[in-house]
Each structure stands twice: as structure tokens, then as C-alpha cells.
Amino acid sequence: MTIILDQASKSFGSVEVLRALSLEVKPGEFLVLLGASGSGKTTALRMIAGLESVTSGRILIGSRDVTNVLPKNRDVAMVFQSYALYPHKTVFENIAYPLTVRKRPKAEIEKSVRDVAQQVQLDHLLERYPRQLSGGQRQRVALARAIVRRPSAFLMDEPLSNLDAKLRGHMRAELKHMQHELGITTIYVTHDQIEAMTLAHRVAILERGVLQQLDTPANIYNRPANLFVAGFIGSPPMNVLEGSLTDGRFDCSAGSFGTASRASGRAVVAGLRPEDGRLAAPGQGKLTGEIYASELIGDHTLVTCRCGDATVTVKADKDFAGSIGQPIGIGFEERAVHLFDKASGERLQ
Amino acid sequence: MSVLKRLTEPKSLDTMSPLGAVLVYGGLILWSLVVLFPLYWIAITSLKLPIHVSAGPVYLPFVDFLPDLHAWRYIFVDLGNDTLRPYLNSIVVALVSTMLAMLIGSMAAYALSRLEFAPRLASILLFILLGAVMIVAVAGFGVPWWIAAVVALALFLLLARAAGRTMRASLGNGDILFWIISQRILPPVVAALPIYVMFQTLGMLDTRTALIATYTTVNLPIVVWLMYDFFVTIPKDLEESASLDGASRFAIFFGIVLPLARPGLVATGLLVLILAWNEYLLALFLSSANAQTMPVLVAAQNATRGPQWWYMSVLILLMILPVIFLTLLLQRFIAKGMLLGAVKG
């Protein structure tokens with residue numbers, strides 16, 4: 001089922017939280033709303049669920065305008081960050097709740113719940129209470145409850161953020177597999193870029209209520225639309241150098257080099273991802289500087305260099321042995337450089 | 001080790017020091033005696049002959065006096081129906097008024113905890129003004145009350161919007177809550193006479209209905225006050241999840257919120273029940289023969305010959321025992337950890 005936000009805006013009093021957000025989620029797509037705290041991503045999700053009203057704009061699920069429809073009539077299921085399990089009901093009753101509340105026949109409820117429980121591997125825990133379950137088990141109960149009535153869409157509000165790192169990785173794979181099997185349109189809110197990159201078909205990046213870029217994870221990584229996206233995605237973050245561009249040649253305090261573009265601009269920011277940089281001898285790189293710090297991560301070394309008044313981090317081999325203060329050069333390919341207009345932050349074409 | 005150190009230092013981390021133990025247990029035993037002795041005294045007074053009651057310190061049955069069941073026989077047999085009727089009245093009035101107050105009060109508390117109210121100050125002032133004008137018109141100028149009411153209502157509906165536009169100040173949930181609580185701060189004795197006149201006009205004096213209505217009204221603020229605090233602690237996530245799952249507001253209230261607020265409901269319910277059970281002043285005003293309740297009956301044992309302690313003791317025991325029993329029964333519902341497992345963190 002397609003979900004469309006058409007110029008949806010939300011203000012709480014005088015505070016504008018979401019500004020004219022327009023996006024279309026295709027049927028069966030896994031869309032991730034990515035952003036920092038206060039970016040408006042949870043508000044957007046709650047507006048689709050019907051838990052927040054819309055100040056202006058429309059929300060459509062399928063071809064239905066649901067902007068003013070009550071949450072219970074929108075046919076969407078939500079998994080909350082806190083799981084929101086009913087503590088006075090058993091796991092079975094929790095999963096069955098969406099069906100019992102709609103007065104489905106008992107036999108149908110029994111079968112549906114047992115099927116779903118088996119799918120999320122909870123079939124041996126059906127008589128327990130939420131307080132007797134671990135975090136991962138509770139999360140699976142919340143998922144099962146969302147799946148059991150085959151809604152038109154799943155809405156997930158940071159469901160993995162309360163799990164420890166190892167379990168999170170495991171559940172990510174489970175979620176991806178489950179969504180692929182069920183084929184239900186899913187909108188997933190997170191601040192974790194790894195979750196966004198690994199789970200999403202497309203990512204919508206929000207910052208202060210404004211959509212920054214809506215694209216596949218690969219495109220967001222390789223062709224960020226503006227400085228914010230460039231700095232938000234990628235760990236360690238993209239290196240930024242401020243300077244000017246003349247017919248495709250970039251000049252800054254760290255050095256001067258050619259780029260793949262033929263544009264000009266007085267205030268331009270060049271971006272370089274750490275993995276695109278290569279350490280070289282001092283005179284042989286496009287940038288010259290000295291080593292500021294060197295950190296062995298395990299499979300690679302992060303070398304931070306001071307070049308002019310800029311700091312550039314490069315991913316080097318794990319066997320790299322350099323000392324602090326050692327002069328160094330940094331080389332890279334012309335097409336690895338991203339160029340942005342300094343004033344607007346937009347990507348230069 | 002010196003004697004003082006041995007007395008004041010505990011033997012292990014989990015125990016008290018010997019001196020501490022003596023002081024604590026001594027204090028507890030003393031206080032238990034202070035609390036339990038009156039009950040014991042009432043119990044033996046109910047078994048004493050009048051002469052023993054006024055004979056001075058007479059505390060031990062079979063040692064100081066011979067227990068006699070004359071008081072019990074009088075209350076139960078001779079006065080059978082005259083004891084049963086107030087007892088039944090007390091039970092009915094207390095139970096019904098408690099249930100009504102709990103039902104209405106918890107729904108009000110829930111609304112205050114979940115919905116945003118913003119009554120305009122202008123509307124409230126207009127309402128009060130029109131009410132005052134109506135009273136003056138009916139009392140001072142002899143206008144029939146129903147004409148005055150209709151006119152006042154019509155004026156209110158017409159002017160409320162306009163008034164709201166001129167004076168934009170509005171109150172919030174906190175103000176409404178405080179206003180409700182302030183109703184209970186008012187001493188009931190202040191309102192006793194107007195309530196009496198009201199029921200007299202309606203011809204409802206000495207009826208159980210009048211008592212039930214009055215007790216419900218008087219105890220409603222307490223229910224709202226206490227249940228509001230309990231509802232606020234229930235995570236909104238649970239209700240949002242239920243509403244997305246398809247539940248209506250009432251289904252959420254009765255199926256999810258109330259079961260989770262059970263400790264609060266039991267505690268508040270017991271408190272309100274005890275208040276209604278022991279209420280004396282309004283019962284005295286509003287009842288005479290048919291709707292008489294136990295507290296009034298107990299006080300009525302104060303006859304011209306002086307207080308008849310023996311009969312009073314029997315009645316007091318009859319009054320206290322059900323409440324003690326009920327509290328012991330319901331204590332297990334006031335349990336901790338009702339919300340464990342609902343939400344993380």
C-alpha cells in the first residue's frame with residue numbers, strides 16, 4: 001500500500017516541528033526516516049499513525065485521505081520504542097489484542113497468534129507475562145502484535161534502540177528478512193545511520209523538520225545532496241575543506257588540486273571521505289601536512305592529519321606505522337571529491 | 001570493647017545494634033498498646049454490667065468482673081430491627097456512594113490526565129454573572145425560575161463566543177484540578193444547612209437517596225485528586241498502542257487503564273468507603289428515622305441518664321469489624337510492581 005505525505009506540516013504552538021514534508025513510500029518498500037533528535041522524524045511517523053494531528057497538508061494511505069481519520073481506522077500497526085506491552089496480559093493475550101478488540105472469532109485468533117508466534121520464535125513463551133521476558137523477547141512480542149493482523153503498513157519508532165549492540169545486529173537481520181517475506185510497506189524511524197543504511201530500500205534524511213534527501217542508501221553515501229547529509233552519513237565523517245573553486249581547480253589552505261567539475265565558486269566546500277584518501281610521501285600528495293594522531297581500529301588505522309588549518313582523517317592500512325608530527329602527503333582521485341556551495345550547503349553539479 | 005560500644009554497634013550489616021533494637025522494639029510495642037488498647041477496652045466494655053463500667057479500672061475479664069452478654073442481647077434481640085435498619089442503611093449508602101464516586105471520579109481524573117482542556121476565563125465569568133442575575137431575578141423580582149433559567153442559558157450560549165474573543169485568557173488542566181480539590185477543602189458544615197433546605201424542598205429528607213447523592217458529591221473530589229496521580233503514571237504508549245490496534249476510548253479505559261491502576265483504585269476506594277461509613281454530620285442533618293446510619297445510632301446511645309457505654313461499645317464493634325475485615329481482604333491488591341514489563345526504561 002502506498003503512503004503519501006503531501007506538504008505535511010506540524011507546529012506545536014509557535015514551534016514548527018515539521019515543514020511541508022512531501023514524500024511517497026512505494027508499496028512493499030522499507031523507508032527509513034533518519035535524523036538527529038528534534039529533526040521531526042518521530043512526529044512525521046506519529047502523524048501517519050494518527051497519534052498527532054496535521055497542522056496543514058494531507059496524508060494518504062493507499063488512495064484514502066486519512067488526514068482526519070482516527071488511528072484505529074487507518075489499518076496501520078506501530079512498534080514503539082518502549083514496546084508498550086500490556087503488563088497485565090500474557091504474551092498470547094498481548095499478541096491477540098488487535099484481533100480480540102475487533103471481535104474476531106476465537107478459533108481465528110488462536111490460529112493467527114500461534115502462526116505469528118512461531119514466526120518470531122515465541123511459541124514456547126505464550127503463557128508468560130511481559131515482566132518475565134528479556135528485552136529481545138519483549139521486542140519480538142511487540143513485533144508479533146504488529147504482524148498478527150496483516151496491516152497495510154508497519155510503523156516502527158526506533159524499535160532496536162533499547163537492545164544491546166549484539167542483539168541489535170541480530171534483530172536487524174531478522175527485521176529485514178521478515179519485511180521481505182511479508183512484503184508490507186514499512187516506515188522506520190531511527191537516528192542510527194547503520195540501521196538506515198542496512199535496512200532501507202530508501203532513506204529520507206530529516207533535519208529540523210526539513211527533508212534533506214530522499215534516495216537509496218548507496219546514492220546517499222556516494223552522492224550526498226548537501227553538506228548536512230555528507231557530514232551525517234559515514235563514519236568517520238567526511239573531511240571538509242573550505243576554499244574556492246576556479247574552473248574546477250580547488251584552492252584551500254591545505255593545498256590545491258583539480259576536481260572532476262568545471263565549475264567556479266568563491267566560497268566552496270570540498271568533501272573527501274576518509275576511505276578515499278591515500279597516505280603518501282610529503283611532496284607526492286595533493287595535500288601536504290603532518291600527522292596529528294594515529295588510531296588502530298583493528299582492520300584499518302585512522303590517521304588524522306593537520307593540513308594547513310584543516311584536519312583531514314584518512315583510513316590507512318592496519319600495518320601503518322607513522323609517528324605524530326611526521327610530515328605526510330594525502331592523495332586521492334579527482335572524482336572522489338564532493339563539492340558543495342558554502343552558503344547554501346547544496347551540492348555543486 | 002567497652003560496654004557502650006557493644007551496645008551501640010550492630011553485630012552484622014543486616015541487624016540492629018542491641019541498644020537500637022531495644023529502643024525500636026520498645027517504641028513499637030508501646031505504640032501498639034496505645035493503638036490496640038482502646039479496641040480491647042471497647043470489647044470488654046461491651047461485656048460489662050453498667051456497674052462495672054463506672055466502677056473504676058476494671059480491665060481483666062473473669063478476674064475483675066464477670067462478663068455478661070446483656071448489652072449484646074439488648075442490641076440484637078430487643079432492638080433487633082432498630083439495629084439492623086441503620087446497619088443496612090450504612091452498608092447501602094456507603095457502598096453505593098463509593099461506587100458512584102469511583103466511577104465518575106476516575107473517568108474525570110482520566111480525562112484530566114489525557115486531554116487538554118482550555119476553558120476560557122471569559123466564559124466562566126459570564127456563567128457566574130448570568131447565574132447571579134438569575135438568582136436575583138427569581139428571589140428579588142419573583143420571575144418564575146424556569147423562565148429565568150431559559151433566558152440565562154440562551155444569553156450564555158449567545159454571548160460566550162463573543163466574550164471569548166474579547167478576553168483571551170484561558171485556564172488549564174491544573175486549574176480545573178485545583179478547583180475540584182478546593183471543593184473538598186470547604187468544610188461540609190458550611191454547606192449542611194443549604195443542603196438540608198434543598199432536600200426539604202424536594203421532599204427527600206430522611207431518604208437513602210439523599211445521603212447517597214450527598215456522599216457521592218462530597219467524596220468525588222478526593223477520587224479525582226488521588227486517581228489523577230495514578231493515571232499520570234501509566235505510560236501513554238500503552239494507550240496509543242491500543243488505539244492503533246483498534247480499541248475505542250472506553251475499551252482502553254476499562255480494559256487497559258483501570259486494570260493497571262488497580263492499586264490506586266483499591267486504595268482510593270477503601271478511603272472513600274471509610275469516609276462514607278464514618279460520616280456523622282451530614283447523616284445527622286439529613287436523616288431521622290428511616291435513613292439513619294450507624295454513626296448517628298452510636299451517638300444516639302447518649303441518653304438522658306448519661307452515655308450508655310455498654311450499648312455504644314457493641315455498636316462500635318459492629319461498625320468497625322466490617323471495615324477491618326474489608327481492608328485486610330483488599331490489602332493484597334495494593335501491590336507494588338504492577339507496571340513491570342510494560343515499557344522499557
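Residues numbered from 1 in each chain as written. Chains lettered and ligands numbered in written order. Predicted model: local features only at pLDDT ≥ 70, side-chain atom pairs only at ≥ 80, totals over all residues.

So, the overall build of chain A
Selection criterion: Each helix is a run of H or I in the DSSP string that is no shorter than four residues. Each strand is a run of E no shorter than two, and both are numbered from the N terminus. Residue burial is a threshold on neighbouring C-beta atoms within 10 Å of the residue's own C-beta, all placed from the backbone, with 20 or more meaning buried, 12 or fewer meaning exposed, and counts in between meaning partly exposed.
Each helix and strand counted, chain A has eight helices and 20 strands in total. Reported as C-alpha extents along the three principal axes, the dimensions of chain A are approximately 80 × 45 × 35 Å. By residue count, 41% of the 349 residues in chain A fall in the buried class.

A short note on the domain arrangement of chain B
Residues and elements named next belong to chain B. What counts is decided by this rule: Delimitation of the domains relies on an automatic or database domain assignment. Here the contact rule is simple: place C-beta atoms from the backbone, and any two residues whose C-beta atoms are within 7 Å are in contact. Following the grouping adopted for this structure description, the nonpolar residues are Ala, Val, Leu, Ile, Met, Phe, Trp, Tyr, Cys and Pro, the charged ones are Asp, Glu, Lys and Arg, and the polar ones are all others, Gly among them.
Per the domain assignment, the segments making up chain B are domain 1 (19-68) and domain 2 (83-118 + 171-333). One C-alpha centre belongs to domain 1, the other to domain 2; they are set 33 Å apart. Facing seven residues of domain 1, the contacting portion of domain 2 comprises six residues. Within the residue set of the side of domain 1 that touches domain 2, elements represented by two or more residues are α2 (18-45) and α3 (50-53). Counting residues per element, the side of domain 1 that touches domain 2 draws most heavily on α2, which supplies three residues. Partitioning the side of domain 1 that touches domain 2 into residue classes produces four nonpolar, two polar and one charged.

Overview of unusual backbone geometry
Residues and elements named next belong to chain A. Going from S235 to P236, the amide bond is cis rather than trans, its omega being 0 degrees. Along the polypeptide, P236 turns up in the loop between α8 (227-232) and β11 (239-246). Even without glycine at this site, Q121 takes up a positive phi of about 60 degrees. Residue Q121 is classed as exposed on the basis of its C-beta count, with 12 C-beta atoms lying within 10 Å.

What about the interface of chain B and chain A?
Think of interface size as the accessible area that goes away when the parts come together; that is how it is often given. With 22 residues of chain B at the contact, the number on the chain A side is 24 residues. Taken together, the elements giving at least two residues each to the side of chain B that touches chain A come down to α11 (236-245) and α12 (249-260) of chain B. Among the elements that make up the side of chain B that touches chain A, the one with the highest residue count is α11 of chain B (seven residues).

Some remarks on the sheet that holds strand β10 (residues 210-215) of chain A
Residue and element names in this part refer to chain A. Basically, it comes down to this: Here, a strand pair is defined by DSSP locating no fewer than two bridges between the strands. Here an axis means a line fitted to C-alpha atoms, over the contact stretch when the element is a helix, while the angle between two N-to-C directions is reported on a 0 to 180 degree scale.
Ordered by their spatial adjacency, six strands build an open sheet running β6-β7-β8-β3-β9-β10, and the pairing between neighbours is mixed. Every other strand in the sheet has two partners, leaving β6 (76-79) and β10 as the edge strands with one partner each. Strand-to-strand twist of the sheet, defined as the mean angle between neighbouring strand axes without regard to direction, takes the value 15 degrees. Bridge count for strand β3 (residues 30-34) against strand β8 (residues 185-190) is five bridges, and the pairing is parallel.

A few points about the sheet that holds strand β2 (residues 15-25) of chain A
Residues and elements named next belong to chain A. Read across the sheet, four strands follow the order β2-β1-β4-β5 without closing on themselves; strand pairing throughout is antiparallel. Looking at which strands have only one partner, the edges of the open sheet turn out to be β2 and β5 (64-65). This element, helix α1 (residues 41-49), spans β1 (3-12), β2 and β4 (56-61) of the sheet and lies at about 115 degrees to β1.

Focus on the environment of R58 of chain A
Residue and element names in this part refer to chain A. On the secondary structure map, R58 appears in strand β4. Residues R58 and S9, spaced 49 residues apart in sequence, show a C-alpha to C-alpha distance of 8.9 Å. The residues contacting R58, other than those within four sequence positions of it, are D6, D65 and T67.

Considering the environment of K48 of chain B
Within the secondary structure, K48 of chain B is located in the loop between α2 and α3. Taking the C-beta count within 10 Å as the criterion, K48 of chain B has 23 such neighbours and is therefore assigned buried.

A closer look at the nonpolar core
Side chains of nonpolar character tend, in soluble globular proteins, to be buried together. Where we set the bar: To form a nonpolar core, buried Ala, Val, Leu, Ile, Met, Phe, Trp, Tyr and Cys residues must be joined through C-beta atoms within 7 Å.
In this structure, I48, A144, L155 and I187 of chain A are the most contacted members of the largest nonpolar core, which totals 148 residues. A total of 13 residues in this core trace back to one element, the largest contributor, which is helix α10 (residues 208-232) of chain B. Those residues within four positions of I48 of chain A in sequence are excluded, and the remaining contacts are I3, I59, V76, L155 and I187 of chain A.

Some points on the packing of helix α8 (residues 173-185) of chain B against α10 of chain B
Residues and elements named next belong to chain B. Put simply, the rule reads: For classification purposes, an angle smaller than 35 degrees is called roughly parallel, one larger than 145 roughly antiparallel, one from 65 to 115 roughly perpendicular, and anything else oblique. Throughout, a crossing is termed right-handed when the near helix is turned clockwise from the far one, and left-handed when it is turned anticlockwise from it by less than a right angle.
It is at 8 Å that the axes of α8 and α10 come closest, and there the two elements cross at 135 degrees. Classified by the angle their axes make, α8 and α10 are oblique. As for the relative orientation of α8 and α10, their crossing is left-handed in sense. Here α8 contributes L177, I180, I181, Q183 and R184 to the contact with α10, which in turn contributes P221, I222, V224, W225 and Y228. Within the contact of α8 with α10, the residues separate by chemical class into eight nonpolar, one polar and one charged.

Considering helix α6 (residues 121-141) of chain B
Residue and element names in this part refer to chain B. The test is simple: Given the number of residues in a helix, its expected span is that number minus one, multiplied by 1.5 Å. By construction, the arc corresponds to the directions joining the helix axis to the C-beta atoms.
Taking 1.5 Å of rise per residue, 21 residues should cover 30 Å, and α6 covers 29 Å from first to last C-alpha, within 8% of that figure. Among the residues making up α6, those that are buried are A122, L130 and M134. Taken down its axis, α6 places every buried residue within 100 degrees of arc, on the same side. Along α6, exposed side chains directed more than 90 degrees from the buried face belong to L125, I128, A132, V136, A139 and G140.

Focus: the confidence of the model for chain B
The following threshold applies: A residue's pLDDT is the predictor's confidence in that residue, given on a scale from 0 to 100.
Summing up the model confidence of chain B, the mean pLDDT is 86 and the portion of residues at 70 or higher is 95%. Of all the helices and strands in chain B, strand β1 (residues 302-303) of chain B carries the lowest mean pLDDT, 74, while α10 of chain B carries the highest, 93.

Focus: the packing of helix α2 (residues 91-100) of chain A against helix α4 (residues 135-147) of chain A
Residues and elements named next belong to chain A. Packing of α2 against α4 leaves a shortest axis separation of 7 Å and a crossing angle of 30 degrees. Taken together, the axis directions place α2 and α4 in an arrangement best described as roughly parallel. Considering how the two elements wind past one another, α2 and α4 form a crossing that is right-handed. Across the interface between the two elements, V91, N94, I95, Y97 and P98 from α2 touch V141, A144 and R145 from α4. Each residue belonging to the contact of α2 with α4 can be placed in one class, and the counts come to six nonpolar, one polar and one charged.

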